Each structure stands twice: as C-alpha cells, then as structure tokens.
Amino acid sequence: MSTSKLPPLTSSELANLWMTYQEKTMISRFLEYCLEGKEDHKELFELYYSRSLNITEQIKEILENEGAVIPLGFTKHDVNLGVPKLFDSMFEIMYVRLMSQIETGLFALHSTMSYREDIRNFFVNATSESQNIYNQSTQILLETGVIAKPPYVSMPKEVRFVHEQNYIGGLSWLSEKRSLNTIEVSLIQHAVDTNLVGMQLMFGFAQAAGNKEAQQHFVSGMKLSKKIETELGDILRHSYIEPPATHAGKATSSTVSPFSDKLMMYNTSLLSTFGLGSNALGGAFSLRSDLPLKMLQLAKDIYFFAKEGGKIMIQNGWLEEPPQIEDRNQLTKK
C-alpha cells in the first residue's frame, strides 16, 4: 500500500524509474568489475559508482513509498570478480564515456515525460550527473590521445541559402554527390565512434559468453558494428574525411567472463536501442537523399539484431517484465 502523500506516479514515470533501475544496477555491476585493482583514474570510476548506487537507492525509496515492488535488476550474482580482465583500462574509460552519453540522453528524455515535481527534479539531477561523468571521461581520453576529434572546417563567412534541387540529391549513381555538410558529418562521425566502442564490447562478450546462443548473438553484433563502421566510414571518405579510429581501448584475450550472460545480453540490448535512436536522428537531419536511405537500411539491421536478442533473453529467462497496464479484457471476462 502506498504511504506517499504525493500524487500517484503516472505510467510513464513508473516506466522510466523502472528502466533507470535496470540500467543503473547493470552499470553498478560493470563498475565493480572496473574498480577491482583499479589504479589509473580510479576517482572517475568511484564517482560514477557512488552516484549510480545513490540513484538506485532513490528509486527504491520512491517505489516503496508507492507500494510498488522493487525490480530485481542486476545483483552481485551478475558480476564475477577475481577473474582476468576482459577489457584493457582505456576501453573501460571509453565504455564509461559511452554509457554516460546514453544516460544523458535517456534521463533528459525521462525528465520531459515526468509530471510530479520530485520525479522531474530526480531526472534533471541524474542528467546533470551523467553529463559530468561524460565530460570527465572525454577529457581523459582527449588528454591521452585515445579518441580522435571530428574534422575541422573553414568557418563560414556569409549566410547562404540553397537554391539548387540537387542539394538533396544523392540517389542517382550517375550524378556526383555533393560534399557532406557539417550536420551530416557530425552525425555520421558520432555513429562511427560509438560503433567502434560497441565492436570491442562485442569482441569481449563473444569471447567470454557461456551460453552458445548468446555467444553467437555477440558475434553477430561484432559483424553488425563492423558493417556500420565500414559503410558510414566510406561515406566520410568520399568527402575526403578520415573516419575516427583509435589505437587503444581493446578487448583482451581472456575467455573468462566477469559478467553473467544475462547482464551482457541486456547491455547489448541497451546499445541496440541507442543505435536505433542515433540512426533515426541521423536520417532525420540529413538532407542528401542517399543518407536517410542508408540510415534506414542500417536501422533495419539493428532492429532485427535487437529482436533476435530479445528472443534469446526470453528463452533463457533473462528478460525482466516491465510493470504492466491492467488487462481490462481479461478482467471483464465472465
């Protein structure tokens, strides 16, 4: 029974708190693995870990006050400490950067879907904390020369308008495609950058997975990330832009998993969802007609990859069911 004197949680608020609990308990287990024996940049990981734990405790308190069951999420049983490192130290920072990037977008969206003041404030604060982690991890990677910045361009000197219809062309093999504009470059660069990290994550997961179906799914994820990185990279090269690359941040040769297959599958599902959103954004803001088509094709691949992952999670009992709306058809049956 609810003990809260506040208005009841709306369905969207409950859903977003539930999703945040799943994601944050997963991140906490990953960070426990990272912190074991950590020396370099330990403060960043400790800060991220403490904030993640704090957020899950806040969600627990909110749900308990509403009389709602606490989700299971990911527990100590989903992390196996004391095993060889599956990823090198630079990749762990790259992973933190990627996940805090995902969180920043998710929590900002959740705040706009919230109506109760305390829930809005909760997600606003969570967004700010994720942005702080993203800023710190990005700065570390820049200082160590691990990540490449997007290309520099000449600054515009005048305001110009598009008058030629072929500005939005690009589908014809016979016509020369125009150079990419900066909006298109930024979105393609972002997609390539995130898939480079995702590919290394899939390498590690595929090496260490215990379940055969999960392992094959991670291998498919490796191939899909490579495909996205290659095809989008070729678009950049056509405009004489070198796609991002990194010399560090890799999976090791270990085949012993520090994580449960359930955790690795959920993490992969989360990245797939993020990839679908990024592709939709890239297609929506691209004015050269071949780019939305390419993004749509890749989004289709990501969708079917994510769908197959969902089937594997259900078959193995790894998919925790979100809170459900009452089934009125079932309740009104005689």
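Residues numbered from 1 in each chain as written. Predicted model: local features only at pLDDT ≥ 70, side-chain atom pairs only at ≥ 80, totals over all residues. Heavy atoms only, no water.

Caption draft 1: Seen up close, the overall build of the protein. The secondary structure content of the protein amounts to nine helices and zero strands. Going from the N terminus to the C terminus, the protein shows its helices and strands as α-α-α-α-α-α-α-α-α. Relative to a compact globule of 334 residues, whose C-alpha radius of gyration would be 20 Å, the protein shows 22 Å and is just as compact. Each principal axis of the C-alpha distribution contributes one length, and for the protein these read about 65 × 50 × 40 Å. Total accessible area on the protein is roughly 18000 Å²; 57% of this is exposed by carbon and sulfur atoms. Each charge class in the protein can be summarised by its mean position, and for the 32 positive and 38 negative side chains these summaries are 4 Å apart. (Helix = DSSP H or I, 4+ residues; strand = E, 2+ residues; numbered from the N terminus. Rg over C-alpha atoms; globule rule 2.2 N^0.38 Å. Areas by Shrake-Rupley, 256 points an atom, 1.4 Å probe, with all protein chains shown as cover. Lys, Arg positive; Asp, Glu negative; His and termini not counted. Charge placed at Lys NZ, Arg CZ, Asp CG, Glu CD.)

Caption draft 2: Examining the layout of surface pockets more closely. Estimates place the volume of the largest pocket at around 780 Å³. Residue lining of the largest pocket: 33 residues in total, with Ala15, Trp18, Met19, Pro322 and Pro323 positioned closest to the centre. Within the residue set of the lining of the largest pocket, elements represented by two or more residues are α1 (11-35), α3 (89-112) and α7 (261-284). In terms of residue count, the dominant contributor to the lining of the largest pocket is α1 (eight residues). Of the residues in the lining of the largest pocket, the class split is 19 nonpolar, nine polar and five charged. (1 Å grid on protein atoms, 1.4 Å probe; cavity = no way out; pocket = protein on both sides within 12 Å on 5 of 7 lines; lining within 4 Å. Points joined across faces, edges and corners; volume = space filled by probe spheres on them. Nonpolar A, V, L, I, M, F, W, Y, C, P; charged D, E, K, R; others polar.)

Caption draft 3: Just α1, in detail. Helix length check: α1 (25 residues) gives 36 Å between terminal C-alpha atoms against 36 Å at 1.5 Å per residue, within 8%. Counting buried positions over the 25 residues of α1 gives 21, a clear majority of the element. Just downstream of α1, Gly37 is the residue with a positive phi angle, here 75 degrees. (Expected span 1.5 Å × (residues − 1). Buried < 20%, exposed > 50% of the residue type's maximum accessible area, 1.4 Å probe, protein only.)

Caption draft 4: Seen up close, the packing of helix α6 (residues 212-238) against α7. Two elements in contact, α6 and α7, have axes separated by 11 Å at closest approach and are oriented at 30 degrees. In terms of their interaxial angle, α6 and α7 are classed as roughly parallel. Every pair of crossing elements has a handedness; the one defined by α6 and α7 is left-handed. Each of Ala214, His217 and Phe218 in α6 lies in contact with α7, whose residues at this interface are Met264, Met265 and Thr268. (Axes fitted to C-alpha atoms, helices over the stretch in contact; angles between N-to-C directions. Parallel < 35°, antiparallel > 145°, perpendicular 65-115°, else oblique. Left-handed = near helix turned anticlockwise from the far one by under 90°. Contact = heavy atoms within 4.5 Å.)

Caption draft 5: Main features of empty space enclosed by the protein. The final tally for this structure, using the stated rule, is five cavities of 30 Å³ or more. Of the volumes computed, that of the largest cavity is approximately 280 Å³. Lining the largest cavity are 19 residues, and of these Asn195, Ser225, Leu271, Ser272 and Gly275 sit closest to its centre. Of all the secondary structure elements, the ones that give two or more residues to the lining of the largest cavity are α5 (182-208), α6, α7 and α8 (290-315).

Caption draft 6: Here's a closer look at the environment of Ile27. Mapped onto the secondary structure, Ile27 falls in helix α1. For Ile27, a relative accessible area of 0% translates into the label buried. Counting along the chain gives 72 residues from Ile27 to Met99, while the straight-line C-alpha distance between them is 8.2 Å. Each residue touching Ile27, except ones within four places of it in the same chain, is listed here: Tyr48, Ser52, Tyr95, Met99 and Glu103.

Caption draft 7: Spatial organisation of a nonpolar patch on the surface. A cluster of nonpolar side chains, namely Ile183, Leu281 and Phe285, defines an oily patch on the protein surface of about 290 Å² accessible area. Looking at the secondary structure, you find Phe285 in the loop between α7 and α8. (Patch = residues over 30% accessible without salt bridge, like charges linked within 9 Å, V, L, I, M, F, W, Y side chains within 5 Å. Salt bridge = Lys/Arg side-chain N within 4 Å of Asp/Glu carboxyl O.)

Caption draft 8: Fine view of the pattern of salt bridges. Counted under the stated rule, the structure contains 16 salt bridges. Residue Lys294 is joined to Glu231 by a salt bridge in which the shortest nitrogen-to-oxygen separation is 2.8 Å. Of this pair, Lys294 sits in helix α8 while Glu231 sits in helix α6, and the two are 63 residues apart along the sequence. Looking at Glu231, the relative accessible area reads 25%, which means it is partly exposed. Taken together, the salt bridges that share partners define one network made up of Arg29, Glu32 and Lys76.

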